[in-house]
Amino acid sequence: MQRSFRSALVVPVAVLALGGCGKDSKGDKEANKAPASANGSVPLSGEAPVDIVNYEFKPQKVTVKAGSKVTWTNTDTAIHDIKDTSPLATPQSKDLSKGHIFSITYGQPGSYSYICGIHQYMMGSVEVVP
């Protein structure tokens, strides 16, 4: 009786332990995914919009592929601008009134941080991947 009890325990434990050694197709698919941006989407190609709303950049972080254009649109009544604070020094925008836009095409991979030069607590970043 004691021997069959041990066998009854050993078999399920061995099955559970070996079950974790197989391939998981979901895990393989996840490993091959492109990096995600802050809003959960895969890096964009072409264009990526950023809205300036309620004294914030939305989304605050954007991930794009090299060669993509990021466009900021001021939807606030206040004037804002885009000032690069990264060592990569992209162009700074002029003052943007409500409805005005500013775009930068990012050709080189890297991390580009920026602020509103008028309201320096407003921060954002663009991550450019190959």
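Whatever comes next refers back to the structure up there.
As the structure is a prediction and not an experimental result, all values here were calculated from the model.

Peer 1: Go over the overall build of the protein with me, naming the residues and quoting the values.
Peer 2: For the protein, the helix and strand inventory stands at two helices and eight strands. When the helices and strands of the protein are read in sequence order from the N terminus, they spell out α-α-β-β-β-β-β-β-β-β. Among the 130 residues that make up the protein, the fraction classed as buried is 29%. Partitioning the intrachain contacts of the protein with sequence separation of at least 6 by distance along the chain shows that 49% fall at a separation of at least 24. For the protein, the exposed surface amounts to about 8500 Å²; the carbon and sulfur share of it is 58%.

Peer 1: Report on the sheet that holds strand β6 (residues 101-106), specifying residues and quantitative values.
Peer 2: With respect to topology, four strands assemble into an open sheet ordered β2-β1-β4-β6, the strand pairing being mixed. Each edge of the open sheet is held by one strand with a lone partner, namely β2 (56-58) and β6. Each strand of the sheet is rotated relative to its neighbour by a mean of 20 degrees, with strand direction disregarded.

Peer 1: Outline the pattern of salt bridges, listing residues and values.
Peer 2: All chains considered together, the criterion is met by two salt bridges. Of the charged contacts in the structure, one is a salt bridge between Glu 47 and Lys 69, with a shortest N-O distance of 4.0 Å. Of this pair, Glu 47 sits in strand β1 (residues 47-53) while Lys 69 sits in strand β4 (residues 68-74), and the two are 22 residues apart along the sequence. Classification of Lys 69 by relative accessible area gives partly exposed; the value is 28%. For Lys 58, the salt bridge is made with Glu 56, and the minimal N-O distance between the two is 3.4 Å. The exposure class of Lys 58 is partly exposed, given its relative accessible area of 41%.

Peer 1: Just give me the short version of the sheet that holds strand β5 (residues 83-84), but keep the residues and values in it.
Peer 2: Strand-to-strand pairing in sheets goes through backbone hydrogen bonds, with the strands running parallel or antiparallel. Taking strand neighbours across the sheet as the criterion, the four strands line up as β3-β8-β7-β5 in an open arrangement whose pairing is mixed. The sheet is open, and its two borders are formed by β3 (61-65) and β5, each paired with just one other strand.

Peer 1: For the environment of Gln 120, give the residues involved together with the corresponding values.
Peer 2: Relative to the helices and strands, Gln 120 is located in the loop between β7 (110-115) and β8 (123-129). Spatially, the C-alpha atom of Gln 120 lies 10.0 Å from that of Ile 82, the residues being 38 residues apart in sequence. Of note is the side chain of Gln 120, whose polar atom sits 3.4 Å from the backbone oxygen of Gly 117.

What counts, and where the lines are drawn
- Residues numbered from 1 in each chain as written.
- Predicted model: local features only at pLDDT ≥ 70, side-chain atom pairs only at ≥ 80, totals over all residues.
- Heavy atoms only, no water.
- Helix = DSSP H or I, 4+ residues; strand = E, 2+ residues; numbered from the N terminus.
- Buried < 20%, exposed > 50% of the residue type's maximum accessible area, 1.4 Å probe, protein only.
- Contact = heavy atoms within 4.5 Å.
- Areas by Shrake-Rupley, 256 points an atom, 1.4 Å probe, with all protein chains shown as cover.
- Pairing = 2+ DSSP bridges.
- Axes fitted to C-alpha atoms, helices over the stretch in contact; angles between N-to-C directions.
- Salt bridge = Lys/Arg side-chain N within 4 Å of Asp/Glu carboxyl O.
- Polar contact = N/O pair within 3.5 Å; in protein donor to acceptor, adjacent residues only side chain to side chain.

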